[in-house]
Amino acid sequence: AFLYVPLLVLIAYSFFQAPPQTGFTMQWYQALWQDPNLLTVAGNSLLVAVVASTVATVFGTLAAVVLRRYRFFGRQVLIMRFYFPWFKPNF
């Protein structure tokens, strides 16, 4: 609730006119879709998000497969590091 309630309030307020809350409007969203610069920035952000999540998913899956199937020096340290981010080995 601490994280989501402010977002829900912000979304709700985006549908009303400013200062006197006189009624429901889509004015701000119409302005958003008519600004080509803002659409370009939104498209770039979406592209970066898709690429970053795809790369993270591929690397995470490969790391899980390697840690599950193979035995190698330092494997236990890596497992501890993934499960407990605060773990720092004393080498």
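Residues numbered from 1 in each chain as written. Predicted model: local features only at pLDDT ≥ 70, side-chain atom pairs only at ≥ 80, totals over all residues. Heavy atoms only, no water.

**Re the overall build of the protein**
Across its full length, the protein carries 4 helices and 0 strands. When the helices and strands of the protein are placed in sequence order, the string is α-α-α-α. Whereas a compact globule of 91 residues would reach a radius of gyration of roughly 12 Å, the protein reaches 23 Å, over 25% beyond that. Counting over 91 residues, the protein shows a buried share of 5%. Sequence-distant contacts in the protein: of pairs separated by 6 or more residues, those separated by 24 or more amount to 0%. About 8,300 Å² of surface is accessible on the protein, with carbon and sulfur atoms providing 73% of the total. (Helix = DSSP H or I, 4+ residues; strand = E, 2+ residues; numbered from the N terminus. Rg over C-alpha atoms; globule rule 2.2 N^0.38 Å. Buried < 20%, exposed > 50% of the residue type's maximum accessible area, 1.4 Å probe, protein only. Contact = heavy atoms within 4.5 Å. Areas by Shrake-Rupley, 256 points an atom, 1.4 Å probe, with all protein chains shown as cover.)

**Remarks on a nonpolar patch on the surface**
Together, F2, L3, Y4, L7, L8 and I11 make up a nonpolar patch on the protein surface, roughly 760 Å² of accessible area in all. Along the chain, the position of F2 falls in the segment before helix 1 (4-13). (Patch = residues over 30% accessible without salt bridge, like charges linked within 9 Å, V, L, I, M, F, W, Y side chains within 5 Å. Salt bridge = Lys/Arg side-chain N within 4 Å of Asp/Glu carboxyl O.)

**As for the environment of L78**
In this structure, L78 sits in helix 4 (residues 75-83). When sequence neighbours within four positions are dropped, the list of residues in contact with L78 reads L67 and F72.

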